[in-house]
Amino acid sequence: DLDQAIALHREALALHPVGHTDRSMSLNNFANRLSTRFDYRGDAEDLDQAIALHREALALRPVGHPDRPTSLITLAIDLSTRCDHQGNTEGLDESRENLRCALTLSTQHDPRRLKVHESLATVYLSFHRSGLGVPGEDTDSLNVVMHHLKAAANFVPGGLLFRLRAALRWVHRADKHRHGTELEAYGTSMQLMDAYMSATASVSSRHSAMKDFPSTLAVDAASCALRSGDVRRAVELLEQGRTIIWTQMTRLRTPLDSLQTHSDHAAVLTKRFGDLSSLLDRPPASHADGTQNVDVEAEDTRYRRLVEDWNGVVEEIRNIEGFSRFLLPPMFADLQEAAREGPIIVLIANKSSCNAIIITHTQPPTSIQLPTDFDKLTTLVHELREAIGKDAGPKGKQTALIKALRKLWDDVVCPVVEHLGAFARRGSRIWWCPTSLFNFLPLHAAGEYRADGKSLSQQYVSSYTPSLTALMRTRRRHGRSLSVPFVAIGQNCPAGHSSESTLEFVEPELELVRSLLPPTVSFTKITSVDATKSRALCALQDNTWLHFACHGTQNYEEPFMSAFLMRDQPLSLLDITRMDLSRHEFAFLSACETAVGDFATPDEVIHLAAGLQFAGVKSVVGTSWKVTDATVQRLVEAFYQNLCVDGKMNFKGAARALHRAVHSLAHDKDIPLDQRIVFMHIGA
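I tried to follow the overall build of the protein chain on my own but got confused; where do I start?
Helix and strand counts for the protein chain stand at 28 helices and 14 strands. With the C-alpha coordinates of the protein chain rotated into their principal frame, the extents come out at 90 × 55 × 55 Å. Counting across all 684 residues of the protein chain, residues that qualify as buried make up 54%. Taking all contacts inside the protein chain whose residues are at least 6 apart in sequence as the whole, residues at least 24 apart take part in 73%. Total accessible area on the protein chain is roughly 30400 Å²; 51% of this is exposed by carbon and sulfur atoms. The distance from the centre of the 74 positive side-chain charges to the centre of the 81 negative ones in the protein chain is 5 Å.

When you look at the side chain of Gln398 in this model, what are you seeing that I'm missing?
As for its placement among the helices and strands, Gln398 is situated in the loop between helix 18 (374–387) and helix 19 (399–420). Under the relative-accessibility criterion, Gln398 is labelled buried at 2%. Engagement of the side chain of Gln398 in a polar contact is seen with the backbone oxygen of Lys390, the distance being 3.2 Å.

Looking at this model, I keep getting lost on the pattern of salt bridges. Mind explaining?
Proximity of charged atoms lets side chains of opposite charge pair with each other. Under the criterion given, the structure shown has 31 salt bridges. Among the salt bridges present, the one from Arg41 reaches Asp3, with a minimum N-O distance of 2.9 Å. Taken together, the residues span a long stretch of sequence, with Arg41 in helix 2 (residues 23–41) and Asp3 in helix 1 (residues 2–14) at a distance of 38 residues. The residue Asp175 makes a salt bridge to Arg178 at a minimum N-O spacing of 2.8 Å.

I would appreciate a short explanation of the layout of surface pockets in the present structure.
To find the voids left in a structure, one rolls a probe of water-molecule size over its atoms. One number sums up the size of the second largest pocket: a volume of about 1100 Å³. Lining the second largest pocket are 43 residues, with Tyr449, Ala666, Leu673, Arg676 and Ile677 positioned closest to its centre. Breaking the lining of the second largest pocket down by element, the ones donating at least two residues are helix 19, helix 20 (456–459), strand 5 (461–464), helix 27 (654–664), helix 28 (673–676) and strand 14 (679–683). Looking at the lining of the second largest pocket residue by residue, the classes come out as 19 nonpolar, 15 polar and nine charged.

Looking at this structure, I do not really get the packing of aromatic side chains. What am I missing?
When we look at a pair of aromatic rings, we describe it by the centre distance and by the angle of the planes. Under the counting rule described, the total for this entry stands at 17 aromatic pairs. Measuring from centroid to centroid gives 4.9 Å for Trp246 and Phe614, while their planes differ by 5°, and the two rings are stacked. You can see Trp246 sitting in helix 13 (residues 244–251) and its partner Phe614 sitting in helix 25 (residues 608–615), a full 368 residues away along the chain. For the pair Trp246 and Phe614, a shared accessibility class is recorded, and that class is buried. Measuring from centroid to centroid gives 5.2 Å for Phe588 and Phe679, while their planes differ by 45°, and the two rings are tilted. With Phe588 in strand 12 (residues 586–590) and Phe679 in strand 14, this residue pair connects regions lying 91 residues apart in the sequence.

What is the right way to read empty space enclosed by the protein from this model?
For the structure shown, the criterion picks out six cavities of 30 Å³ or more. If you go around the largest cavity, you meet 22 residues; those closest to its centre are Pro434, Asn439, Ala595, His607 and Met680. Residues that form the lining of the largest cavity fall into these classes: 14 nonpolar, six polar and two charged. Space inside the second largest cavity adds up to approximately 140 Å³. Forming the boundary of the second largest cavity are 15 residues, of which Met210, Pro214, Ser215, Gly241 and Glu604 lie nearest the centre. Listing elements by their share of the lining of the second largest cavity, those giving two or more residues are helix 9 (182–198) and helix 11 (217–227). Classifying every residue of the lining of the second largest cavity by side-chain character gives nine nonpolar, three polar and three charged.

I would appreciate a short explanation of the environment of His681 in the present structure.
Relative to the helices and strands, His681 is located in strand 14. Counting along the chain gives 59 residues from His681 to Gly622, while the straight-line C-alpha distance between them is 6.5 Å. When sequence neighbours within four positions are dropped, the list of residues in contact with His681 reads Arg429, Ser462, Ser463, Tyr464, Ser619, Val620, Val621, Ala654, Ala655 and Leu658. In terms of polar contacts, His681 uses its side chain to reach the side chain of Ser619, at 2.7 Å.

Is there a simple way to think about the nonpolar core in this case?
Soluble globular proteins tend to bury their nonpolar side chains together. Of all hydrophobic cores here, the largest spans 190 residues; its most connected members are Ile344, Val413, Trp432, Phe486, Phe564, Phe639 and Tyr640. Here this core takes twelve residues from helix 19, the largest share from any one element. Excluding residues that lie within four positions of it along the chain, Tyr640 makes contacts with Phe486, Val513, Leu516, Leu517, His547, Phe586 and Phe588. Leu256, Tyr303, Ile317 and Phe326 belong to the second-largest nonpolar core, a separate cluster that totals 18 residues.

Can you walk me through helix 2 in this structure?
In an α-helix, one turn spans 3.6 residues; hence positions three or four apart end up facing the same way. Here helix 2 spans 27 Å end to end across 19 residues, near enough to the 27 Å set by a 1.5 Å rise per residue. Residues of helix 2 that are buried: Arg23, Ser24, Ser26, Leu27, Asn28, Phe30, Ala31, Leu34, Ser35, Arg37 and Phe38. Looking at the buried side of helix 2, the elements it contacts are helix 1, helix 3 (44–59) and helix 4 (68–86). Looking one or two places after helix 2, you find Gly42, whose phi comes out positive at around 75°.

Before we go on, may I ask you to explain the sheet that holds strand 11 (residues 570–572) in this structure?
Pairing between the strands of a sheet comes from backbone hydrogen bonds, and it takes one of two forms, parallel or antiparallel. Spatially, the three strands line up as an open sheet ordered 9-10-11, and their pairing is antiparallel. With one partner strand each, in any of the chains shown, strand 9 (552–553) and strand 11 form the two edges of the open sheet. Across three bridges, the pairing between strand 10 (residues 563–565) and strand 11 is antiparallel. If you follow Ala563 over to strand 11, its bridge partner there is Ser572.

Help me understand the confidence of the model for the protein chain in this model?
Low pLDDT means the predicted atomic positions in that stretch should not be read closely. Of the residues in the protein chain, 95% have a pLDDT of 70 or more, and the chain-wide mean is 89. Contacts of residues 286–293 to residues separated by more than four positions or lying in other chains number six contacts, the stretch itself having pLDDT below 50.

Could you clarify how one ought to interpret the packing of helix 9 against helix 13 in this entry?
For any two helices packed against each other, the geometry comes down to the angle between their axes and how far apart the axes lie. One can describe the packing of helix 9 onto helix 13 by two numbers: an axis separation of 10 Å at closest approach and a directional angle of 60°. With respect to their mutual orientation, helix 9 and helix 13 come out oblique. Where helix 9 crosses over helix 13, the handedness of that crossing is right-handed. Only Ile244, Gln248 and Arg251 of helix 13 make contact with helix 9, whose side of the interface consists of Met193, Asp194, Met197 and Ser198. Within the contact of helix 9 with helix 13, the residues separate by chemical class into three nonpolar, two polar and two charged.

Procedures and definitions
Residues numbered from 1 in each chain as written. Predicted model: local features only at pLDDT ≥ 70, side-chain atom pairs only at ≥ 80, totals over all residues. Heavy atoms only, no water. Helix = DSSP H or I, 4+ residues; strand = E, 2+ residues; numbered from the N terminus. Buried < 20%, exposed > 50% of the residue type's maximum accessible area, 1.4 Å probe, protein only. Contact = heavy atoms within 4.5 Å. Areas by Shrake-Rupley, 256 points an atom, 1.4 Å probe, with all protein chains shown as cover. Lys, Arg positive; Asp, Glu negative; His and termini not counted. Charge placed at Lys NZ, Arg CZ, Asp CG, Glu CD. Polar contact = N/O pair within 3.5 Å; in protein donor to acceptor, adjacent residues only side chain to side chain. Salt bridge = Lys/Arg side-chain N within 4 Å of Asp/Glu carboxyl O. 1 Å grid on protein atoms, 1.4 Å probe; cavity = no way out; pocket = protein on both sides within 12 Å on 5 of 7 lines; lining within 4 Å. Points joined across faces, edges and corners; volume = space filled by probe spheres on them. Nonpolar A, V, L, I, M, F, W, Y, C, P; charged D, E, K, R; others polar. Phe/Tyr/Trp six-rings, centres within 6.5 Å; stacked < 30°, edge-to-face > 60°. Core = buried A, V, L, I, M, F, W, Y, C linked by side-chain atoms within 4.5 Å. Expected span 1.5 Å × (residues − 1). Pairing = 2+ DSSP bridges. pLDDT = per-residue confidence, 0-100. Axes fitted to C-alpha atoms, helices over the stretch in contact; angles between N-to-C directions. Parallel < 35°, antiparallel > 145°, perpendicular 65-115°, else oblique. Left-handed = near helix turned anticlockwise from the far one by under 90°.

So, in structure tokens, the structure goes:
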């Protein structure tokens, strides 16, 4: 209780009379609690008393006293707060001078300097708001605000978390005032976000930490770049600031074949990098019941030291000729490689505007402002979710869903298609890279849905990718095996499910898949009591082609706990992230909600299909919402018929096979529209 704490501090101060060596510390502590109570209640008397106590403490800490800078800083902050509260500039000049003195008295590596810079930014912002200028200075106070916020964000001894918070304040102020440093502020924030997340030990703790920061940082940065006319920079910032958790995992699995053979020194660094990456890639030690069996602080310290060593090795690698950009955010020229096999459309949803960027392999990127806004998109996402499953019976026309898909066509997809003609021939493949709210829209299914009406699927074969780097990674060449090891994993009655939720068509579906595969395929089926979590994990490791037929769940509270439900335990996304599937070619996920994602952190793209792709699977077919067991079998049949039409298995044919399968069932009245469009293709 704050009142009780203040009463105790008052008693403590009485026990430290004038002349006592600890009186200044007691004064400072008492003042800080009063300041805190002012922040909660706004009682001016608390703030006045805090200032008086800080002044007394400062008088007891002359020049040379190690705590004088602290007293100068806390007094300056309270003076500045009182000015804002009273709406005047009285005391601002004293606040500014105290902070300048604190800077002079502190060493170059004193962590308190970060707080001084932040406080000076606050003081100069008050001067700016007053419109009276700064006494004795002929400077633009707003420029000085940004200077100090930048200095705080770049002050290394201040610590990553405090630097990141300072950078985000810089972003906020620069954005609000449309200051010239806005784009630089975004870039700095995303670098610090990446560094801070890399020092966080576990995947789940990284996701939890992400929720403490703006979920729209990357798209806001891209929008800022677009406003300044720099489309290439917009793409770079999106790639740098999105899918951070996945990017950090894949960094630890970076292949280093070319570095290994560069020189003896490079070979030593390669081994050191590999060893440290393996240590960092291991999950934190825990008991079977999930409780930590090591002291949490000691484990965090150990992890941070490993990160420091790993960063040191990365810096050494960058000093080797030809590796100067090793693991740095890719430049646009590098990212264009993702569009080698067809254009990529990046969709950006931001409070200020909604845009599409068309990226081709050789031409400059094209930016299109879309005729919609953030609020309209929010409404559209809600309407689509509400329409799924509605009027889905044999006579149902699903008018609400059709209306939403028309809106999606008019406001988002049609404007893009009108520009695509210059870059892609009709019938060719395109890739969608959605951000923010666009992650929750079935772009592939947009159309007019009327006689002779237009639709996206009439003109192009759609695929998705969580990021450009992810798509490039799916195209890395590995030595292909002559055999095709294919596993079909089915579970009709998982642990904890009643007989009412038993999936009747799992066994027939897997037998159907077996019958449609070429005889050259090495087929394994795991079902019923055999389809346990451990058997499924082994099968995933041993087979490069995968087909799941089971219940799937998207966990919205803890998305890394999203899972395929097996007989004994769920096979979670977290389990999948710990696997190396870099030689795997294809996965078909005939399960509910395998490509939905997390509404709290949409640009991290955390779902089962993306997890398989980031783990290494080159081509994945997933689902945008719940799948009906009775109707999915027809689409699965049409898909494999198209994929295996010439008796060969090629994962690059999956997108076109899905496209043709959906078209072939367009007039099947027994399959509702929401079930025809539920599947989407991700990857190569």
